[in-house]
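# Results of the structural survey
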Amino acid sequence: MLTMVIDDSRAMRLILKRIVAQLGFDVVEAGNGQEAMDYLKAEVLDGGGEIPGLALVDWNMPEMNGLEFVTAVRAEPRLRGMTLMMVTTESEQSQIVRALASGAHEYVIKPFTPDAIIDKLALLGLVPNGVAA
């Protein structure tokens, strides 16, 4: 499954990429929501490429933040099948509710362990239960 890792931290993108790549996912990276939307427009919507099945999205990024990205994806009918998981330092209950109400499927608070990501992916049915990091 093609997965987007969207985070303005190169180190965080690398960490998340390693976790999902070990699970057999192909990974495309973006440094912010706008970069991710530009990729989706060029490669998927206009180019006919594979729609990512999953996006791991940071909240706090320049240009287009994660919540704006989630809203933009949900507004595009051809992208509505994407599973969106916020991976962020935003830990207030109101922020979690806001992200889920906007269309995110799951929410992981940084810092996290690889098992926390894998557990959420299992909950979403994207990896078998019992898979270890």
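Report on the accompanying structure. Because the structure is a prediction, the values reported are computed rather than measured.

## Structural notes on helix H5 (residues 114-123)
- Residues of H5 that are buried include every one of Ile 117, Ile 118, Leu 121 and Ala 122, and no others. Along the long axis of H5, the arc covered by the buried residues comes to 135°, so they all point the same way. In H5, those exposed residues whose orientation departs by more than 90 degrees from the buried face are Asp 119 and Leu 123.
- Taken together, the buried residues of H5 touch helix H1 (10-22), strand S3 (54-57), strand S4 (83-88) and strand S5 (106-109).
- Count one or two residues on from H5 and you reach Gly 125, which has phi positive near 80°.

## Concerning the side chain of Asn 32
- For Asn 32, the location among the structural elements is in the loop between strand S2 (26-30) and helix H2 (33-45).
- Reaching out from Asn 32, the side chain makes a polar contact with the side chain of Glu 63 at a distance of 3.5 Å.
- Ignoring any residue separated from it by four or fewer positions in sequence, one finds Asn 32 in contact with Ile 6, Met 61, Pro 62, Glu 63 and Met 64.

## Overview of the pattern of salt bridges
- Summed over all chains, the structure comprises seven salt bridges.
- For Asp 58, the salt bridge is made with Lys 110, and the minimal N-O distance between the two is 3.3 Å. You can see Asp 58 sitting in the loop between S3 and helix H3 (66-75) and its partner Lys 110 sitting in the loop between S5 and H5, a full 52 residues away along the chain.
- For Lys 120, the salt bridge goes to Glu 106, with nearest N and O atoms at 2.9 Å. Residue Lys 120 is found in helix H5, and its partner Glu 106 is found in strand S5; the two are separated by 14 residues along the sequence.
- Given the relative accessible area of 14%, Glu 106 is considered buried.
- Through salt bridges with shared partners, a single ionic network connects Asp 7, Asp 58 and Lys 110.

## Some points on the packing of H1 against H5
- The contact between H1 and H5 brings their axes to 10 Å, and the two run at 55°. Between H1 and H5, the angle is such that the two are oblique. The hand of the H1/H5 crossing is right-handed. Contact residues: H1 offers Leu 16, Ile 19 and Val 20, while H5 offers Pro 114, Ile 117, Ile 118 and Leu 121.

## Thoughts on the sheet that holds strand S1 (residues 2-6)
- Pairing is parallel in the open sheet, where five strands are placed in the order S2-S1-S3-S4-S5. Each edge of the sheet is formed by a strand with only one pairing partner; in this case those strands are S2 and S5. When strand polarity is set aside, the average angle formed by the axes of neighbouring strands in this sheet is 20°.
- Both S1 and S2 contribute to a ladder of five bridges, which runs parallel. When the bridges of S2 are listed, Leu 2 appears paired with Asp 26.
- Against the sheet, H1 touches S1, S2, S3 and S4, its axis set at about 165° to S2.
- Against the sheet, H2 engages S1 and S2, with an angle of about 150° to S1.

## A look at the nonpolar core
- One finds Ile 6, Leu 40, Ala 55, Phe 69, Val 73, Met 82 and Met 86 to be the most contacted residues of the largest nonpolar core, which totals 25 residues.
- Ranked by residues supplied to this core, first place goes to H2 with five residues.
- Sequence-distant contacts of Phe 69, that is, excluding residues within four places in its chain, are made with Ile 6, Gly 33, Ala 36, Met 37, Leu 40, Ala 55, Val 57, Met 64 and Leu 84.
- Core analysis: the next-biggest nonpolar cluster, separate from the first, contains 17 residues, Val 5, Ile 19, Met 85 and Ile 117 among them.

Criteria and cut-off values
Residues numbered from 1 in each chain as written. Predicted model: local features only at pLDDT ≥ 70, side-chain atom pairs only at ≥ 80, totals over all residues. Heavy atoms only, no water. Buried < 20%, exposed > 50% of the residue type's maximum accessible area, 1.4 Å probe, protein only. Helix = DSSP H or I, 4+ residues; strand = E, 2+ residues; numbered from the N terminus. Arc of directions from axis to C-beta. Contact = heavy atoms within 4.5 Å. Polar contact = N/O pair within 3.5 Å; in protein donor to acceptor, adjacent residues only side chain to side chain. Salt bridge = Lys/Arg side-chain N within 4 Å of Asp/Glu carboxyl O. Axes fitted to C-alpha atoms, helices over the stretch in contact; angles between N-to-C directions. Parallel < 35°, antiparallel > 145°, perpendicular 65-115°, else oblique. Left-handed = near helix turned anticlockwise from the far one by under 90°. Pairing = 2+ DSSP bridges. Core = buried A, V, L, I, M, F, W, Y, C linked by side-chain atoms within 4.5 Å.

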